[in-house]
Amino acid sequence: MLRSRPPRDRRLAAHVERLWWSEVDDVAEAETILPTGRAQLIVDLRGERADATVLQGPRSTPSEIDPAVQRRAVGVALRSGGTAAFVEVPACEVADRFVALDDVWSTTAQLREDLVGSDGPEEAFDRLERELVERLAPPADDLLPAAAAALAGGRPVREVADAIGLDRRRFATRFAARYGFGPKRYARLRRFERALRVLRSDGPDPLAVVAADLGYADQAHLSREVREFAGVTPAELRRVPAGAPTHLRRGGDSFKTSPHVEPTMGA
């Protein structure tokens, strides 16, 4: 069973995409989660590990899901830049890393105890929302969200930096602290995310058309970017089934990504 819902408390809506719950008796196929540049909070509910509550920083690389964690876990999928609302650590310091949540939230023992003892997904979601609201400290309203939106829409980094009145170096430093990556890599990740949606949709266009529509230089450029972020070619991305929009199911040797395995779940 995989359940999810958006946050019900409006104060969380700008920072949290959704809360999720996974409870599976038997995981038949390995899955790889593709990067979206966003962070997650993950709590392994099986009660077998002391380090079972983690912050998964914004990711820019694919990683294999740990089947053991899938068996019973709950988590929070944050929006881009969402870590800044809940932890003081700059997002760039946890990007592409797993960090014990105790390291950024002091103790989480009571939270995990409550979640382990929860009576199903809805109770766990409510408990998580209360915790998030208690820790919520929205970043000061500044120009970075508008800059992130402009980058996601395909505007060049130099143009965005000029528009908000920052030199490129200062802009890159501030942006990475909030979003986990420099502006250029962030823009590439968001474009890859758009490509992912197109490539996995019904009746996809030829790759050359997809590349042109999304602002890649050519089909070869699209292929290189997909290979870097997904670990597979665009053709393989279309062919391999998805367990979720950003997941790839690995049946046998249908494709190979990085051999590194980390206890992730994914949005």
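Above this text you will find the structure in question.
This section reports on the structure supplied with the text. (Residues numbered from 1 in each chain as written. Predicted model: local features only at pLDDT ≥ 70, side-chain atom pairs only at ≥ 80, totals over all residues. Heavy atoms only, no water.)

1. Some remarks on the side chain of His 15
By the element assignment, His 15 lies in the loop between β1 (2–5) and β2 (16–23). His 15 gets classed as buried once you look at its relative accessible area, which sits at 12%. Those residues in contact with His 15 that sit more than four places away from it in its chain are Leu 78, Arg 79, Gly 82, Ala 85, Phe 86, Leu 136, Pro 138 and Pro 139. (Helix = DSSP H or I, 4+ residues; strand = E, 2+ residues; numbered from the N terminus. Buried < 20%, exposed > 50% of the residue type's maximum accessible area, 1.4 Å probe, protein only. Contact = heavy atoms within 4.5 Å.)

2. Focus: the sheet that holds β2
Across the sheet, 6 strands lie side by side as β1-β2-β7-β4-β5-β8; this open sheet has antiparallel pairing. Whereas interior strands pair on both sides, the edge strands pair on one side only; in this sheet they are β1 and β8 (98–100). Taken over all neighbouring pairs, the strand axes of this sheet differ in orientation by 20 degrees on average, direction set aside. Sheet analysis places strand β4 (residues 40–44) next to strand β5 (residues 53–56), joined by 4 bridges and oriented antiparallel. If you follow Leu 41 over to β5, its bridge partner there is Leu 55. (Pairing = 2+ DSSP bridges. Axes fitted to C-alpha atoms, helices over the stretch in contact; angles between N-to-C directions.)

3. Quick notes on the packing of helix α8 (residues 183–199) against helix α9 (residues 207–214)
Helix packing geometry: the angle between the two helix axes and the distance between the axes. Where α8 contacts α9, the axes come no closer than 11 Å and their chain directions differ by 145 degrees. Between α8 and α9 the crossing geometry is right-handed. Seen from α8, the contacting residues are Arg 191, Arg 194, Ala 195, Val 198 and Leu 199; seen from α9, they are Leu 207, Val 210 and Leu 214. Residues that form the contact of α8 with α9 fall into these classes: 6 nonpolar, no polar and 2 charged. (Left-handed = near helix turned anticlockwise from the far one by under 90°. Nonpolar A, V, L, I, M, F, W, Y, C, P; charged D, E, K, R; others polar.)

4. Considering helix α7 (residues 168–179)
A rise of 1.5 Å per residue sets the reference length of α7, with its 12 residues, at 16 Å; its end C-alpha atoms lie 16 Å apart and thus fit the reference within 8%. The complete set of buried residues in α7 reads Phe 171, Phe 175, Ala 176, Arg 178 and Tyr 179. Summarising the axial view, the buried residues of α7 lie within an arc of 165 degrees, below the 170-degree limit, and thus occupy one face. Along α7, the residues that are exposed and aim more than 90 degrees away from the buried face are Arg 169 and Thr 173. The N-cap of α7, judged by a side-chain oxygen 3.0 Å from the amide nitrogen of Arg 169 a few residues on, is Asp 167. Gly 180 sits one or two positions beyond α7 and adopts a positive phi of about 100 degrees. (Expected span 1.5 Å × (residues − 1). Arc of directions from axis to C-beta. Polar contact = N/O pair within 3.5 Å; in protein donor to acceptor, adjacent residues only side chain to side chain.)

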